[in-house]
Amino acid sequence: MTLGMALGIAAGSLAGGFARFALVGAVSRAAAPSLPWGILAVNLLGCLLAGLVDGLAGRLSPAVRIALLSGFCGAFTTFSALMLDASGMLKAGEGGRAFLYVTLSAAAGLACVRAGGFLAARF
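Note that this is a predicted model, so its numbers are computed, not measured.

How each quantity is defined
- Residues numbered from 1 in each chain as written.
- Predicted model: local features only at pLDDT ≥ 70, side-chain atom pairs only at ≥ 80, totals over all residues.
- Heavy atoms only, no water.
- Helix = DSSP H or I, 4+ residues; strand = E, 2+ residues; numbered from the N terminus.
- Contact = heavy atoms within 4.5 Å.
- Core = buried A, V, L, I, M, F, W, Y, C linked by side-chain atoms within 4.5 Å.
- Buried < 20%, exposed > 50% of the residue type's maximum accessible area, 1.4 Å probe, protein only.
- Expected span 1.5 Å × (residues − 1).
- Axes fitted to C-alpha atoms, helices over the stretch in contact; angles between N-to-C directions.
- Parallel < 35°, antiparallel > 145°, perpendicular 65-115°, else oblique.
- Left-handed = near helix turned anticlockwise from the far one by under 90°.

1. Section: the environment of Gly116
Here is step 1 of the chain: With respect to the helices and strands, Gly116 occurs in helix α5 (residues 95-122).
Here is step 2 of the chain: Gly116 sits 29 residues away from Ser87 along the chain, and the two C-alpha atoms are 29 Å apart.
Here is step 3 of the chain: Excluding its chain neighbours within four sequence positions, the residues that come into contact with Gly116 are Leu48, Gly51 and Leu52.

The structure is reproduced here in structure tokens:
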């Protein structure tokens, strides 16, 4: 890894972490507390961005691609938080809610990755 790649990952991680914090907070304040909508929004948007970057891979330098995927998306997306939320729902006896949350996240995330690739093909 070059110094430029390392700095790109660091800068992307910083930006992704701040963006995650801001978006989760904004969505959580605006949405009903029935599900962790802020985490869901971040995961879906992160999946869309990952699909877009992946689709544009041949047109991006390796340093930019790694800064966006490993840096920004790595800090922005919150799959581990999704699983912790679902686990908490299971512990609370809310298996149906946990199943809905995980299923919606996975299905919509896959659709967003595909949509990002579709969008990338149009650029």
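2. Some points on the nonpolar core
Here is step 1 of the chain: Counting residues in each nonpolar core, the largest one holds 14 residues, and the members touching the most others are Ile39, Met89 and Tyr101.
Here is step 2 of the chain: Sorting the residues of this core by element identifies α2 (37-55), α3 (62-76), α4 (79-91) and α5 as the ones contributing at least two each.
Here is step 3 of the chain: Look past the residues within four positions of Ile39 in its chain and what remains in contact with it is Val24, Thr78, Ala81, Leu82, Asp85 and Tyr101.

3. A look at helix α1 (residues 3-30)
Here is step 1 of the chain: For α1, with 28 residues, the first-to-last C-alpha span of 40 Å sits near the 40 Å given by 1.5 Å per residue.
Here is step 2 of the chain: Lining the buried residues of α1 we find α2 and α3.

4. Describing the packing of α4 against α5
A pair of packed helices is characterised by two quantities: the angle between their axes and the separation of those axes.
Here is step 1 of the chain: In contact at an axis separation of 7 Å, α4 and α5 are set at 160° when each is read in the N-to-C sense. In terms of axis orientation, α4 runs roughly antiparallel to α5. For the pair α4 and α5, the sense of crossing is left-handed. For the pair α4 and α5, contact is made by Leu82, Met83, Asp85, Ala86, Met89 and Leu90 and by Gly95, Arg97, Ala98, Tyr101, Val102 and Ser105, respectively.

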